[in-house]
Amino acid sequence: MIKKIFKNKLKILLFLTIFVIACILRFYQLQNVPPGVNRDEASIGYTAYSLLQTGKDEYGRLFPVSFESFGDWKLPLYIYTVVPFVYVFGLSELAVRLPSVIFGVFSVVLTFYFVKLLFKDNRLAFLTMFLAAISPWSIHLSRVESESNTAVFLVLLGMIFFLKSLNKNWLIIPSLISLALTYFTYAGNHIFTTLLIIGTFFIYRDKISKTKFTLIGVVLFALMSGFIFYHTLLMADKTKISGIGIFGDPSIVHTKIEMPRNEHTNPQSFLARITHNKIVFLGKTIGQNYLNAFSPQFLFINGGTNHAHNIIDFGNMYLVEAPFLFFGLIYLFAIKKGREKRLILLWFLIAPIAASITKDAPHTNRMFAIFPTLSLITSFGILYLLTDYFKKPIFRKIFIMLTVFMFLINFTVYIDRYYIHFARNETKSWGFIYKNLIASLQEENLINKNIVVSQPTRSPYIFFLFYLKYDPAAYQKESIRYPKTADGFSDVMNFANFTFRDLDWGKDINLSDTVLVDDYINSPHDSVGKRTTYTYLPSGEPMFTIAATK
């Protein structure tokens, strides 16, 4: 009895220790790292602020279900979740990121319960929870606004309820509600969640009870998913796919299909047309994108190309995890039996599909649905080697010591890269540059003059709205936008005394009572105005030129 109590206390202590580690890694310096909001964070934060102040989004729509934003049509769940945090903490980096941090921390907790419930193995559950807690992928996406991170939490919650519903039938209702909510959260889950539900119901088809609870759950799921699809598929998803889809770049057809076809002696021949067309190119690209999602380069070396979701020269997983992931997959494919392993392999294999149909795959954010299975499979690999290959105590101790040592090195390198160098060297890719710009304009008493800001396609307007906490009611009346692009995206031309357009320094310097703001590399570097100042990155590199005209 005493031994059992002692073991239980050790388990509780271990669980709480991992939980605290997950919290520290995700909450520490949240306001400052990453350095300033990115474009989507600024949009979501200001939209939540606008809803709080006026009940409308930036377009003046009353409590919408789908948010047009830059023309990318954001889903509603995360935005509405941010509203109470903006109310408590004000419009800030902290308010925008806190929901994601909370979902990230509790995804680690749910990972433990999911693994324990599925495999009835405490060692496996604790190890998977620990790897999830220190995962670079999870840490990074938990520390920024991330709908995909939120969707992972909802999927884990839904799957836990589903597994429990096999014994308690009524839990199928919260299971399907949780999974339906992923459709309100992240566009990639319109594909991933659907495939996961179909596959899970097939795997467990003989264990799912045919009761009124299942019927109620299915009806609620259908109503919720139908509601969100009605509000998104007709406009939002169509625009989103046109922008990020494989053919989102108009030049693709010319460079990848028409030019190779024209290299044939007869471009209209059967061979030329059958080998160089949209269907063949689409199939080949989707296949390449899918396989690249499992590439060592993406998983362990560099991650994705979007700096909002990765740090430079560091993968989504630790390099030391590579051999364990490999052996974990061998164990699952060749040795492990049962429907539980089929569920994990299903999850693992369908996760890249949604990202594979986009033009910049593999993409860290769009691929995050795979997250809990990577930590689980890696844990399988570690325990498989430990149990089957290092049976002698001396070899087992050496294996454990080397594994811990290598994880410690990788983890230390990541902490240094993320909290020190990333926070300093990646400011150019984050809102820090606009935060400093706006502060400089206020210090120089220029903020109330006519201000012209270059590069309108970078959506600088949203940073001005966010960091100035500009009155949403006034903005909804004043804002003027450029005509929409062919794929439905739009940029703001001006609001109040701010204009966003490309600059012609030779002409614009002659404007009266105007402040010109441009990238330092695109502007004259001598004294161009009555008062010329510069904003600088932490590295000392000049970023913006601010020139008050004569």
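None of the values given here were measured: they were computed from a predicted structure.

**Concerning a nonpolar patch on the surface**
And step 1. Among the surface-exposed residues, Leu52, Tyr87, Val88 and Phe89 lie close enough to one another that they form a single nonpolar patch of about 430 Å² accessible area.
And step 2. On the basis of relative accessible area, tyrosine 87 is assigned to the exposed category, the value being 63%.

**A word on the nonpolar core**
And step 1. Counting residues in hydrophobic clusters, the biggest one holds 101 residues, and the most contacted among them are Phe114, Trp137, Leu196, Tyr204 and Leu343.
And step 2. With ten residues, the single largest contributor to this core is helix H19 (residues 371-388).
And step 3. In contact with tryptophan 137, other than residues within four places in its own chain, are Phe298, Leu299, Asn316, Thr364, Met367, Phe368, Ile370 and Leu374.
And step 4. Residues Ala48, Phe85, Ile438 and Leu446 belong to the second largest nonpolar core, which totals 53 residues.

**Thoughts on unusual backbone geometry**
And step 1. Proline 34 follows valine 33 through a cis peptide bond whose omega is 0°.
And step 2. Mapped onto the elements, proline 34 comes out in the loop between helix H1 (2-27) and helix H2 (39-54).
And step 3. Cis geometry is found at the peptide bond from alanine 361 to proline 362, where omega equals -5°.
And step 4. In this model, serine 69 sits at a positive phi of 50°, which is unusual for a non-glycine residue.
And step 5. Look at serine 459: it is not a glycine, yet its phi comes out positive at around 55°.
And step 6. Examined against the element boundaries, serine 459 turns out to sit in the loop between strand E1 (450-453) and helix H22 (460-468).

**Concerning the packing of helix H7 (residues 147-165) against helix H8 (residues 172-181)**
And step 1. Contact pair H7 / H8: the axes reach a minimum separation of 8 Å and the direction vectors enclose 160°. The orientation of H7 with respect to H8, classified from their angle, is roughly antiparallel. Relative to H8, the crossing made by H7 is left-handed. Within the contact between the two elements, H7 uses Leu154, Val155, Leu157, Gly158, Phe161, Phe162 and Ser165 and H8 uses Ile172, Pro174, Ser175, Ser178, Leu179 and Leu181.

The rules behind each value
Residues numbered from 1 in each chain as written. Predicted model: local features only at pLDDT ≥ 70, side-chain atom pairs only at ≥ 80, totals over all residues. Heavy atoms only, no water. Patch = residues over 30% accessible without salt bridge, like charges linked within 9 Å, V, L, I, M, F, W, Y side chains within 5 Å. Areas by Shrake-Rupley, 256 points an atom, 1.4 Å probe, with all protein chains shown as cover. Salt bridge = Lys/Arg side-chain N within 4 Å of Asp/Glu carboxyl O. Buried < 20%, exposed > 50% of the residue type's maximum accessible area, 1.4 Å probe, protein only. Core = buried A, V, L, I, M, F, W, Y, C linked by side-chain atoms within 4.5 Å. Helix = DSSP H or I, 4+ residues; strand = E, 2+ residues; numbered from the N terminus. Contact = heavy atoms within 4.5 Å. Axes fitted to C-alpha atoms, helices over the stretch in contact; angles between N-to-C directions. Parallel < 35°, antiparallel > 145°, perpendicular 65-115°, else oblique. Left-handed = near helix turned anticlockwise from the far one by under 90°.

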